[in-house]
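Now for the letters of each chain:
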Amino acid sequence: MGSVVWSYARRCKMGEDKMMADGTQAMPAGQQGCIFVLGGARSGKSAFAEGLFTAWPAPWTYLATCQPHDGEMDARISRHRARRGENWRTTEEPLDLPRALDAAGTCPVLVDCLTLWLTNLMLAEHDIPAATQALLAALARRAGPTVLVSNEVGQGIVPDNALARRFRDEAGLLHQAIARGAARVVFVVAGLPMEMK
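About the cut-offs
- Residues numbered from 1 in each chain as written.
- Predicted model: local features only at pLDDT ≥ 70, side-chain atom pairs only at ≥ 80, totals over all residues.
- Heavy atoms only, no water.
- Phe/Tyr/Trp six-rings, centres within 6.5 Å; stacked < 30°, edge-to-face > 60°.
- Buried < 20%, exposed > 50% of the residue type's maximum accessible area, 1.4 Å probe, protein only.
- Helix = DSSP H or I, 4+ residues; strand = E, 2+ residues; numbered from the N terminus.
- Contact = heavy atoms within 4.5 Å.

1. Describing the packing of aromatic side chains
Applying the stated rule across the entire model yields 5 aromatic pairs. Ring geometry for F53 versus W56: centroids 5.2 Å apart, planes at 80°, classification edge-to-face. Here F53 falls in the buried class, since its relative accessible area comes to 0%. Considering the side-chain rings of Y62 and W88, the 6.0 Å spacing of their centres and the 85° angle between planes classify their relative orientation as edge-to-face. You can see Y62 sitting in strand β2 (residues 60-64) and its partner W88 sitting in strand β3 (residues 88-92), a full 26 residues away along the chain. Across this residue pair, the class does not change: Y62 and W88 are buried. Feature note: the residues F53, W56, W60, Y62 and W88 constitute an aromatic cluster, connected by ring pairs.

Dropping the structure here:
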């Protein structure tokens with residue numbers, strides 16, 4: 001996985017490559033240093049995103065946007081925690097991702113996932129464009145590696161209700177905004193990463 005991050009860093013338009021003291025590849029700061037990982041349900045996107053972190057010294061911060069509402073979701077969260085292991089510190093933040101990103105400082109951060117964050121914002125009747133701009137500003141302030149995971153939901157049939165159609169549209173706009181500024185965008189299908197940018 002280190003070679004993946006190495007080739008990514010070489011493509012970044014951030015000036016000279018920099019090596020960290022332990023010999024791992026440094027990542028550019030700000031949104032231009034973000035890696036954006038998209039995929040469908042059970043595509044392997046989260047496992048792929050987690051694998052990227054071996055290129056940076058632990059501990060790593062996992063920003064979880066999920067709010068467990070039932071036993072099945074509790075079980076999913078438990079499986080994810082067990083897979084990640086002891087190098088991860090989990091912070092649950094369903095709404096205020098900008099604050100959580102700021103609080104993480106220079107620690108490598110994985111946000112999983114943006115579509116659950118969007119769902120939480122919509123259900124709480126937040127201003128989505130304003131929240132998106134606040135997230136982009138927080139990403140621009142980041143001084144450490146940032147990996148963002150999200151579900152691609154726009155490739156299926158048109159939903160049959162207004163709320164689902166709005167969610168699909170808002171997710172598409174959010175993804176476009178993140179992808180524009182990210183250094184790398186990866187689409188994961190059947191566990192296979194495809195480089196989009």
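From this point, the discussion proceeds with the structure in view.
2. Some points on the environment of M122
Tracing the sequence through the fold places M122 in helix α5 (residues 114-123). Residues M122 and L163, 41 residues apart in the sequence, show an inter-C-alpha distance of 9.3 Å. Look past the residues within four positions of M122 in its chain and what remains in contact with it is I128, L163, R166 and F167.

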